Amino acid sequence: MISIPHKAKQFLVLLIKLLIVGGAFYFIYNQLANNDKLDWQKFLILFRKNQSVLGIGFILLLSVLNRYFEILKWQNLAKVIHEISLGEATKQVLAALTAGIFTPNGVGEYAGKALYYPKSEAKNVVFLNLICNGIQMILTVIFGTIGLLFLGYWKWVLTIIAVSFILLLASFFLKSIKIKGYSIEKLIQKINEIPKPIHRRNILLGVLRYLVFSHQYYFLFLAFDVDLPYWTLISTIAVVYFLASSLPTFQFLDFAVKGSVAVYFFGVLHVNEWIVVFVTTLMWFLNVVLPVVWGSYYVLNFKTKAAE
């Protein structure tokens, strides 16, 4: 086995850190600077008209709460391996978010968290991260389906129910089939091994996080003078998040995917396209870009001994 000199290893680790952080900032800048759908002049006019220190503070608070609930979720699930502090959970979540920003569906996030644990725990970390993200996806599907029902998209709801039923039926008959030593039966067994209080707390924190970011979206639309009934607006937001989350994408393109889906559904409600694009971009900036900026600090200060 080839042994890498200590100095060379340190340089390689530094290079990887710089590539991750540099790549993250490049993609962020590229999307903000080269998006021809963002009419900054209209945005500034509306911002000056409706600017409020309390309003800006409230929107920023919702971003902090959104990420805070995600950090609490990870701290809660990490108990299965060992207890970690809130500060350590913050470091792991934000560094992993930064590492996963330009990987498909945030896959790099799984590897990012695993680096903070011994190699022997890597599979457990990936599994727990799957549970952490999985409950958020399930909640997105549930609330999104309710939104479709409220908006009258009955055919879509029936399609979702039919697909869900087929998947459940298939998983029942195929639960014992193993692929590289893994099976649905073994997955369910591992999920059941996690103490029920941890599952309950994970679900509660997932619901709170969902309510926070969906209402942040809602309040941003109000700030842009969109006058629609509460249930119509919140249901459309739920549908947009559900359908956009179902599409494979990269974190740095997240707002573009959500934006295109949002433009269609809000277009039905006669909301101006530029407002939809701006609100979606602001959501991405507040909930992905700002945490990535913070997470970059943790990436640059990551110590390789943490992964040994």
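On a predicted model such as this, the values are computed, not experimentally measured, just so you know. (Residues numbered from 1 in each chain as written. Predicted model: local features only at pLDDT ≥ 70, side-chain atom pairs only at ≥ 80, totals over all residues. Heavy atoms only, no water.)

J.: What exactly am I supposed to notice about the overall build of the chain here?
T.: Scanning the chain from terminus to terminus reveals twelve helices and zero strands. Scored against the burial criterion, the 308 residues of the chain give a buried share of 44%. Long-range pairs, those at least 24 residues apart, make up 75% of the contacts in the chain between residues at least 6 apart in sequence. With an accessible surface of roughly 17,300 Å², the chain has 70% of that area assigned to carbon and sulfur atoms. (Helix = DSSP H or I, 4+ residues; strand = E, 2+ residues; numbered from the N terminus. Buried < 20%, exposed > 50% of the residue type's maximum accessible area, 1.4 Å probe, protein only. Contact = heavy atoms within 4.5 Å. Areas by Shrake-Rupley, 256 points an atom, 1.4 Å probe, with all protein chains shown as cover.)

J.: What exactly am I supposed to notice about the confidence of the model for the chain here?
T.: The pLDDT averaged across the chain works out to 80; a share of 72% of its residues lies at or above 70. At the level of individual helices and strands, the chain shows its lowest average pLDDT in helix α1 (residues 6–33), which scores 56, and its highest in helix α9 (residues 196–223), which scores 95. (pLDDT = per-residue confidence, 0-100.)

J.: Is there a simple way to explain the UniProt feature "transmembrane region" (unreviewed entry) in the chain in this structure?
T.: Here the UniProt feature "transmembrane region" (unreviewed entry) sits at residues 12–32, 52–69, 126–150, 156–174, 230–250 and 262–286. Between the first and last C-alpha atoms of residues 126–150 the distance is 36 Å; the span itself is 100% helix and 0% strand. Overall, residues 262–286 shows 84% helix and 0% strand. The separation of its end C-alpha atoms is 17 Å. (UniProt positions renumbered as here; feature names shortened; annotations may be inferred.)

J.: Before we go on, may I ask you to explain the packing of α9 against helix α12 (residues 273–300) in this structure?
T.: Angle between the axes and distance between the axes are the two parameters that describe a pair of packed helices. The N-to-C vectors of α9 and α12 enclose an angle of 135 degrees; their axes lie 10 Å apart at closest approach. Between α9 and α12, the angle is such that the two are oblique. As α9 runs across α12, the sense of the crossing is right-handed. Between α9 and α12, the residues in contact are Phe213, Gln216, Tyr217, Leu220 and Phe221 and Ile275, Val276, Val279, Thr280, Leu282, Met283, Leu286 and Asn287, respectively. Of the residues assigned to the contact of α9 with α12, the class counts are ten nonpolar, three polar and no charged. (Axes fitted to C-alpha atoms, helices over the stretch in contact; angles between N-to-C directions. Parallel < 35°, antiparallel > 145°, perpendicular 65-115°, else oblique. Left-handed = near helix turned anticlockwise from the far one by under 90°. Nonpolar A, V, L, I, M, F, W, Y, C, P; charged D, E, K, R; others polar.)

J.: Looking at this model, I keep getting lost on the pattern of salt bridges. Mind explaining?
T.: For side chains of opposite charge, pairing can occur when their charged atoms come near one another. On inspection of all chains with the given rule, the structure shows four salt bridges. For Glu88, the salt bridge identified is with Lys91, shortest N-O distance 3.3 Å. Here Glu88 and its partner Lys91 are both found in helix α4 (residues 86–99), three residues apart, which amounts to about one turn of the helix. For Glu88, a relative accessible area of 23% translates into the label partly exposed. (Salt bridge = Lys/Arg side-chain N within 4 Å of Asp/Glu carboxyl O.)

J.: Any chance you could explain the packing of aromatic side chains here in plain terms?
T.: When we look at a pair of aromatic rings, we describe it by the centre distance and by the angle of the planes. Considering all chains together, one arrives at 20 aromatic pairs under this definition. Residues Tyr153 and Phe265 carry aromatic rings whose centres are separated by 5.6 Å and whose planes lie at 75 degrees to one another, so their mutual orientation is edge-to-face. Of this pair, Tyr153 sits in the loop between α6 (122–151) and α7 (154–173) while Phe265 sits in helix α11 (residues 254–268), and the two are 112 residues apart along the sequence. Measuring from ring centre to ring centre gives 5.7 Å for Trp156 and Phe265, while their planes differ by 80 degrees; the resulting arrangement is edge-to-face. Of this pair, Trp156 sits in helix α7 while Phe265 sits in helix α11, and the two are 109 residues apart along the sequence. On the basis of relative accessible area, Phe265 is assigned to the buried category, the value being 4%. Through a chain of ring-to-ring contacts, the aromatic side chains of Phe143, Tyr210, Phe213, Tyr217, Phe221, Tyr241 and Phe266 assemble into a single cluster. For Lys113, the ring lying beneath its charged end belongs to Trp74, and the centroid distance is 4.2 Å. Directly above the ring of Phe127 sits Lys190, whose terminal nitrogen or CZ lies 4.8 Å from the centroid. (Phe/Tyr/Trp six-rings, centres within 6.5 Å; stacked < 30°, edge-to-face > 60°. Lys NZ or Arg CZ within 6 Å of the ring centre and 35° of its normal.)

J.: Please clarify how the nonpolar core should be interpreted in this entry.
T.: In globular proteins that are soluble, nonpolar side chains generally tend to be buried together. Tyr217, Phe221, Ile237, Phe266, Val271 and Ile275 are the most contacted members of the largest nonpolar core, which has 35 residues in total. Setting aside residues up to four positions removed in sequence, Phe266 forms contacts with Phe221, Leu233, Thr236, Ile237, Val240, Val271 and Val276. By size, the runner-up hydrophobic cluster in this structure holds 23 residues, among which are Leu94, Ala114, Val125 and Ile131. (Core = buried A, V, L, I, M, F, W, Y, C linked by side-chain atoms within 4.5 Å.)

J.: Please explain unusual backbone geometry as it appears in this structure.
T.: The phi torsion of most residues other than glycine is negative, and most of the peptide bonds are trans. One non-glycine residue, Asp225, lies in positive phi territory at about 65 degrees. Tracing the backbone shows Asp225 in the loop between α9 and α10 (230–245). With a phi close to 65 degrees, His270 is a non-glycine residue in the positive phi region. The topology assignment puts His270 in the loop between α11 and α12.

J.: What is the right way to look at the side chain of Gln136 in this model?
T.: Mapped onto the elements, Gln136 comes out in helix α6. The exposure class assigned to Gln136 is buried, which follows from its relative accessible area of 8%. Excluding residues that lie within four positions of it along the chain, Gln136 makes contacts with Glu70, Lys73, Gly206, Arg209, Tyr210 and Phe213.

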